[in-house]
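Single-letter residue listing:
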Amino acid sequence: MKKPKFQRPTGMHDILPEDQGYFQKIYNVCETVANFYGFKKIDTPILEDTALYEKGTGLATDIVQKQMFTLRTKGRNYLTLRPEFTPGIIRAYLEHGMQTLPQPIKLYSSGPAFRYEHPQAGRYRQFHQFNLEVIGDGNSVIDAQVIQIFYNILTEIKLKKLIVEINSIGDNQCRPYYKKLLLSYLKSRDLSLCVDCRRRLRENPLRVLDCKEEKCQRIVSQAPQMIDHLCQECHDHFKGVLEFLDEIELPYRLNPYLVRGLDYYTKTVFEIFEDTEEGRKMGSLSGGGRYDALVKLLGGEDTKAIGGAMGIERVIATIKSKKIKTQKPSNPPIFLAQLGIMAKRKSLKLLEDFRKVKIQVAESFGRDSLKAQLKIADRLGVKYTLLLGQKEVLEETIIIRDMKIGRQETVKLEKVVREMQKRLKK
Ligand code: HAM
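Keep in mind that what you see is a predicted model, and the values were worked out from it rather than measured.

A. Spotlight on helix α12 (residues 312–321). Judged by how many residues are buried, α12 sits mostly within the fold: seven of 10 residues are covered. Taken residue by residue, α12 has I312, E313, R314, V315, I316, T318 and I319 as its buried positions. Its buried side turned inward, α12 meets α1 (17–36), β6 (126–135), α5 (140–156), β9 (268–274), α10 (277–282) and β11 (305–311). With its phi angle positive at about 55°, K323 sits one or two positions after the end of α12.

B. A look at the nonpolar core. I26, F130, I135, I153, M310 and V315 are the most contacted members of the largest nonpolar core, which has 95 residues in total. Sort the elements by how many residues they give to this core and α5 lands first, with nine residues. In this view, I153 contacts V29, C30, V33, F130 and M310; residues no more than four positions away in its chain are not counted. By size, the runner-up hydrophobic cluster in this structure holds 20 residues, among which are L336, L388, I398 and I400.

C. Spotlight on the packing of α5 against helix α9 (residues 232–247). At a minimum axis distance of 8 Å, the contact between α5 and α9 shows a crossing angle of 45°. Here α5 lies oblique to α9, going by the angle between them. Here α5 and α9 pass one another in a crossing that is right-handed. Of the residues in α9, those touching α5 at S140, V141, D143, A144 and I147 are H237, G240, V241, F244 and L245. Residues that form the contact of α5 with α9 fall into these classes: six nonpolar, three polar and one charged.

D. Focus on the packing of helix α13 (residues 341–356) against helix α16 (residues 416–425). Their axes nearest at 10 Å, the elements α13 and α16 cross at an angle of 45°. In this view, α13 runs oblique relative to α16, as classed from their interaxial angle. Here α13 runs over α16; the crossing is right-handed. Here L350, D353 and F354 of α13 come into contact with α16, specifically with V416, V417 and M420. When its residues are assigned to classes, the contact of α13 with α16 shows five nonpolar, no polar and one charged.

E. Molecular detail of the side chain of T86. The residue T86 is located in helix α4 (residues 86–95) in this model. A polar atom in the side chain of T86 sits 2.9 Å from the side chain of E133. When residues no more than four places from it in sequence are discounted, the contact partners of T86 are N131, E133, Y264, Y291 and L294.

How each quantity is defined
Residues numbered from 1 in each chain as written. Predicted model: local features only at pLDDT ≥ 70, side-chain atom pairs only at ≥ 80, totals over all residues. Heavy atoms only, no water. Buried < 20%, exposed > 50% of the residue type's maximum accessible area, 1.4 Å probe, protein only. Helix = DSSP H or I, 4+ residues; strand = E, 2+ residues; numbered from the N terminus. Contact = heavy atoms within 4.5 Å. Core = buried A, V, L, I, M, F, W, Y, C linked by side-chain atoms within 4.5 Å. Axes fitted to C-alpha atoms, helices over the stretch in contact; angles between N-to-C directions. Parallel < 35°, antiparallel > 145°, perpendicular 65-115°, else oblique. Left-handed = near helix turned anticlockwise from the far one by under 90°. Nonpolar A, V, L, I, M, F, W, Y, C, P; charged D, E, K, R; others polar. Polar contact = N/O pair within 3.5 Å; in protein donor to acceptor, adjacent residues only side chain to side chain.

In structure tokens:
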């Protein structure tokens, strides 16, 4: 095939009709589960002030440093295509005075996010997330519940062998001291670190902990661990989260090197993977954590919060690799074939009558040949074909053909909708 003149942008995908079912099914499960746990839907603009992400997601993150799609408007403002949902949701929480409502505020959203990444399997420049936030509650039971919700969604989508990786990265009380300890350890070995990690040493040494380079991982495996340096409050909080997870028997693994790539996290951070080799390669299906300082950072009162997001494309890729079936949209049970201009006119009206009673009817009104129409009816595997020709129009009748037994019957046109309702109910 000749290469078309225009192609989709690198790392961005068309979601073709045959894949829409996956998205629909996943969003349905997400929304049903989120509604059960008392979440309400919120949609925020796909573009936000660039400064919101610089402050919210954080200047030291890869997202802000390398991955934002930013544009300058005609009014000379800088706007960014959302690389993640959280800062936009907190902006909306503050802008609409939600802090004056009974807390916590539980919100869910879904839609596209954009990151200028190096595209590879499971990593795109435009991808879709299902996102949850619980704003205004610092209790450790909420951490466990948010993790449980993502776990439940993935289980309901029929994914198996899931594992939650969890860690605590402390807070402003204990993290600065730990950072110093880590920094002095890493500095003594900085010549053996990769180029990116040497930069991270200056900006955010914690990110060295989750570097995927083998030489860095070797150094990290001997590094001091945050978990051993948590202040009393963070320690108790984390202990509480793990106890709740034990109580609901959720499989988790402590990962002292899990720090996550966003600046706002405090205390609990988590990621959910499929615990297989392909699952690891794909990357986290879902990730999130507590961010008790972000609301204040964005101009609000001191407000504790936690949330997470799930990557829809990664979930779909996993479903496909496991050959998990999603329900295919059902084929219509009836095909309406017409012959001649008068019949075409009547068919157009008849189709509306079927739509009103919610019976799906396929047709091919653009075709004139009966043979071609019947071929389509056959291909669709319909139960009945309705045939409307010149003679039938004049007699105000229509032929019902039972495709399985091949029997034909003529009925009054005005009665056909009722008749088909009866037959399809049987
Ligand atoms: P995140 O870990 O950056 O967290 O993204 C969440 C999920 O989105 C990942 O686990 C992954 O499945 C998917 N994802 C991320 N980047 C890509 C990509 N380039 N291509 C395909 N899928 C991707 C956040 O976005 C946080 N805002 C989550 C959160 C909400 N934390 C607190 N509240």
